[in-house]
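Here are the chains, one letter per residue:
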Amino acid sequence: LADECTQLADLVARAHSLYAEAEMRNTRIVNRAVRAFAVHHPVATGIAVGTLAVAGGVYGWATEGSFNWAYASKATAWAHEASSPASAPHAAGRVDAWRPSPTFRGSRSTTRRPWPHRS
């Protein structure tokens with residue numbers, strides 16, 4: 001019985017690990033997609049996030065009988081990690097901070113990026 005319980009515990013731990021890895025990979029993909037969309041279409045992203053927040057607020061009002069900001073925040077929680085940093089340059093008026101700009105060194109053209117990249 002102890003061996004079966006140990007084997008079952010190992011299987012549960014492995015299943016949890018696989019689920020956590022899949023969730024992390026999915027979150028990374030969604031964050032990249034939201035960030036890319038927010039950089040190139042900041043107004044549309046703002047409208048989409050605002051619409052989700054209003055829908056969450058309406059849901060909270062329908063379930064509790066009064067408006068609650070927590071429901072609006074929960075409705076957009078999945079997009080916070082990606083949309084907030086992507087919208088910051090637009091809010092600060094530095095839209096070009098996220099886009100590579102061409103620079104010239106000698107006779108060849110290179111691209112300067114404002115953030116460090118690892119090869």
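Structure: see above.
The numbers attached to residues start from 1 for each chain and follow its sequence in the written order. A pLDDT threshold of at least 70 governs which residues receive local features in this predicted model, and a stricter bar of 80 or more applies before side-chain atom pairs are shown or counted, although totals over entire chains, interfaces and linings include all residues. For side-chain calculations, the full set of non-hydrogen atoms in the structure is used, while hydrogens and water are omitted.

## Here's the deal with the overall build of the protein
Numbering of helices and strands runs from the N terminus, with a helix taken as a DSSP run of H or I at least four residues long and a strand as a DSSP run of E at least two residues long. A count of helices and strands for the protein gives 4 helices and 2 strands. Reading the protein from its N terminus to its C terminus gives the helix and strand order α-α-α-α-β-β. To sort residues, take the accessible area from a 1.4 Å probe on protein chains only and compare it with the maximum for the residue type: under 20% means buried, over 50% means exposed, and anything in between is partly exposed. Taken over 119 residues, the protein has a buried fraction of 14%. Contacts are assigned to residue pairs that have any heavy atoms within 4.5 Å of one another. Expressed as a percentage of contacts within the protein between residues at least 6 apart in sequence, the contacts between residues at least 24 apart total 39%.

## Regarding the side chain of asparagine 31
By secondary structure assignment, the location of asparagine 31 is in helix α1 (residues 2–40). Asparagine 31 sits in the buried class, given a relative accessible area of 7%. Setting aside residues up to four positions removed in sequence, asparagine 31 forms contacts with Trp78, Glu81 and Ala82.

## Some remarks on the packing of α1 against helix α2 (residues 42–64)
For the pair α1 and α2, interaxial distance at closest approach is 5 Å and the crossing angle is 120°. Classified by the angle their axes make, α1 and α2 are oblique. For the pair α1 and α2, the contacting residues are Phe37, Ala38, Val39 and His40 in the first and Pro42, Ala44 and Thr45 in the second. To define axes, lines are fitted to C-alpha atoms, for helices over the stretch in contact only, and angles between the resulting N-to-C directions are given on a 0 to 180 degree scale. Relative orientations are named as follows: roughly parallel for angles under 35 degrees, roughly antiparallel for angles over 145 degrees, roughly perpendicular for angles from 65 to 115 degrees, and oblique for any other angle.

## Digging into the pattern of salt bridges
Pairing between side chains of opposite charge can happen when their charged atoms approach one another. By definition, a salt bridge exists where a carboxyl oxygen of Asp or Glu is found within 4 Å of a side-chain nitrogen of Lys or Arg. Within the structure shown, the criterion is met by 1 salt bridge. Between arginine 25 and glutamate 21 there is a salt bridge, with its nearest N and O atoms 3.0 Å apart. Of the two residues, arginine 25 and glutamate 21 both sit in helix α1, 4 residues apart, roughly one turn of that helix. Judged by its relative accessible area of 44%, arginine 25 is partly exposed.

## Focus on α2
A rise of 1.5 Å per residue sets the reference length of α2, with its 23 residues, at 33 Å; its end C-alpha atoms lie 32 Å apart and thus fit the reference within 8%. Turning to α2, its buried residues number three or more, namely Thr45, Gly56, Gly57 and Gly60. The positive-phi residue at the C-terminal boundary of α2 is glycine 65, with phi of around 90°. Given the number of residues in a helix, its expected span is that number minus one, multiplied by 1.5 Å.

## Quick word on the packing of aromatic side chains
Stacked, edge-to-face and tilted are the three classes for Phe, Tyr and Trp ring pairs, Trp counted by its six-membered ring, which pair at centre distances within 6.5 Å; planes under 30 degrees apart are stacked, over 60 edge-to-face, the rest tilted. Counting across every chain of the model gives 2 aromatic pairs. Ring centres of tyrosine 59 and tyrosine 71 lie 5.8 Å apart, and the angle between their planes is 70°; this geometry places the pair in the edge-to-face category. Here the residue tyrosine 59 occupies a position in helix α2, and tyrosine 71 occupies one in helix α3 (residues 69–75), the gap between them amounting to 12 residues. For tyrosine 71, a relative accessible area of 23% translates into the label partly exposed. When the centroid spacing of 4.9 Å and the interplanar angle of 90° are considered together, the rings of phenylalanine 67 and tryptophan 69 count as edge-to-face. Overall, phenylalanine 67 belongs to the partly exposed group, its relative accessible area being 44%. Relative accessible area serves as the criterion here: at 65%, tryptophan 69 is assigned to the exposed category.

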